[in-house]
Amino acid sequence: MTAVRRAAPVLVAALLLLACAGRAGATGYRYWSFWERAGGHWTYATQGPASVRPDDGAVQGFRFTVGADAADAGRPRGTADFDTICADTPAKSGAKRVALVLDFGTPADAPSGETPPGGRTVCARVPSDASTADALAAVAGPLRYDTNALLCAIAGYPHKGCGEQVSTDHESTTATAEPDSSGSGSGPSLGLPIGAGVVALLAGAAIWQSRRRRDASG
């Protein structure tokens with residue numbers, strides 16, 4: 001019983017560390033995530049839409065989401081097939097066609113007081129050297145950017161805010177339309193494994209200390 005009493009403060013401290021680690025991972029950002037379609041799967045883009053210059057026949061996607069990193073971000077939902085999206089947009093010399101999938105997210109991820117529009121797909125026919133941002137501006141304006149050139153709004157949604165930090169404790173419905181086998185993203189938070197390791201380490205230390213004292217008294 002004495003050993004348990006001696007170990008208790010250490011275990012309580014460890015549990016508090018674990019709780020803090022869990023809370024530290026409960027924040028994310030509300031933003032427009034940018035995706036590229038390759039091999040039948042969505043891959044989180046490694047460059048911004050102003051830097052990417054897609055080829056004719058490319059499929060690009062945008063999803064308004066809440067997440068801490070690429071692993072949390074919801075992928076665009078709905079039709080993502082170039083032939084379907086651009087069926088009524090014929091090829092033209094000196095131009096290229098880019099299929100865009102625009103997913104305005106879920107009510108759970110919407111800013112307070114706003115309702116996300118329904119998702120849409122659109123085919124942008126733009127000059128052959130155009131960027132994804134150019135294609136987006138051609139068919140889904142008005143766009144809104146912040147002073148750091150971060151994309152804040154597509155087709156006027158949302159009306160305000162840009163990449164603000166928010167709690168992810170709510171049950172966000174950033175469900176994906178399909179499993180992602182690309183392996184993109186920075187992976188899950190390490191807060192829980194680290195916290196569990198701290199508990200195990202401190203618990204072991206408490207047991208070792210109690211045994212040492214017991215042997216010494218014997």
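A brief report on the enclosed structure follows. Every value quoted in this text rests on a predicted model; they were computed, and no experiment measured them.

Basis of the calculations
Residues numbered from 1 in each chain as written. Predicted model: local features only at pLDDT ≥ 70, side-chain atom pairs only at ≥ 80, totals over all residues. Heavy atoms only, no water. Helix = DSSP H or I, 4+ residues; strand = E, 2+ residues; numbered from the N terminus. Areas by Shrake-Rupley, 256 points an atom, 1.4 Å probe, with all protein chains shown as cover. Disulfide = S-S within 2.5 Å. Buried < 20%, exposed > 50% of the residue type's maximum accessible area, 1.4 Å probe, protein only. Core = buried A, V, L, I, M, F, W, Y, C linked by side-chain atoms within 4.5 Å. Contact = heavy atoms within 4.5 Å. Arc of directions from axis to C-beta. Pairing = 2+ DSSP bridges.

On to the overall build of the protein chain, then. Of the regular secondary structure elements, the protein chain holds four helices and eight strands. Mapped in sequence order, the helices and strands of the protein chain form the string α-β-β-β-α-β-β-α-β-β-β-α. Of the roughly 12000 Å² that the protein chain leaves accessible, carbon and sulfur atoms contribute 55%.

So, about unusual backbone geometry. Proline 142 follows glycine 141 through a cis peptide bond whose omega is 0°. Among the structural elements, proline 142 can be located in the loop between α3 (132-139) and β6 (144-145). With an omega of -5°, the peptide bond between tyrosine 157 and proline 158 qualifies as cis. In the Ramachandran plot, alanine 149 falls in the positive-phi region, its phi being about 65° despite a non-glycine side chain.

So, on to the state of the cysteines. Per the stated rule, a full pass over the model turns up two disulfides. In this model, cysteine 86 is linked to cysteine 123 through a disulfide, with the two sulfur atoms separated by 2.1 Å. Handedness of the cysteine 86-cysteine 123 disulfide follows from its S-S torsion of about 100°: it is right-handed. On the criterion of sequence distance, the pair formed by cysteine 86 in the loop between α2 (82-85) and β4 (95-103) and cysteine 123 in strand β5 (residues 120-127) is long-range, its members being 37 residues apart. Accessibility classification places cysteine 86 together with cysteine 123 in one group, the buried group. Each sulfur of the disulfide joining cysteine 152 and cysteine 162 lies 2.0 Å from the other.

Before going further, it helps to spend a moment on the nonpolar core. Judged by nonpolar contacts, the single largest core of 21 residues is most densely connected at Trp32, Phe62, Leu100, Leu102, Leu136 and Ile154. Listed by contribution, the elements that provide at least two residues to this core are β1 (27-38), β3 (58-67), β4, β5 and α3. Ignoring anything within four residues of it in the chain, the contact list for leucine 100 reads Gln60, Phe62, Ile85, Arg120, Thr121, Val122, Ala124, Thr132, Ala135, Leu136 and Val139. Within the second largest apolar cluster, 12 residues are counted, among which are Ala73, Ala80, Ile85 and Cys86.

As a further point, take α3. Inspection of α3 places Thr132, Ala133, Ala135 and Leu136 among the buried residues, and these make up the whole buried set. One side of α3 holds all its buried residues, which, seen down the axis, span an arc of 160°. Taken together, the buried residues of α3 touch β1, β3, β4, β5, β6 and β7 (151-153).

Here we take up the pairing of β1. Summarising the sheet, β1 and strand β8 (residues 165-167) pair through three bridges and their orientation is antiparallel. Pairing of glycine 28 across the sheet is with valine 166, part of β8. The sheet contact formed by β1 and β3 spans eight bridges and is antiparallel. Across the sheet, residue serine 33 finds its bridge partner in β3, namely arginine 63. Looking at chain direction, β1 and strand β2 (residues 41-44) are connected through four bridges and run antiparallel. Bridging across to β2, tryptophan 35 finds its partner in tyrosine 44. A loop of two residues connects β1 with β2, the two strands running antiparallel in sequence, and glycine 39 in this loop sits at a positive phi of about 60°.

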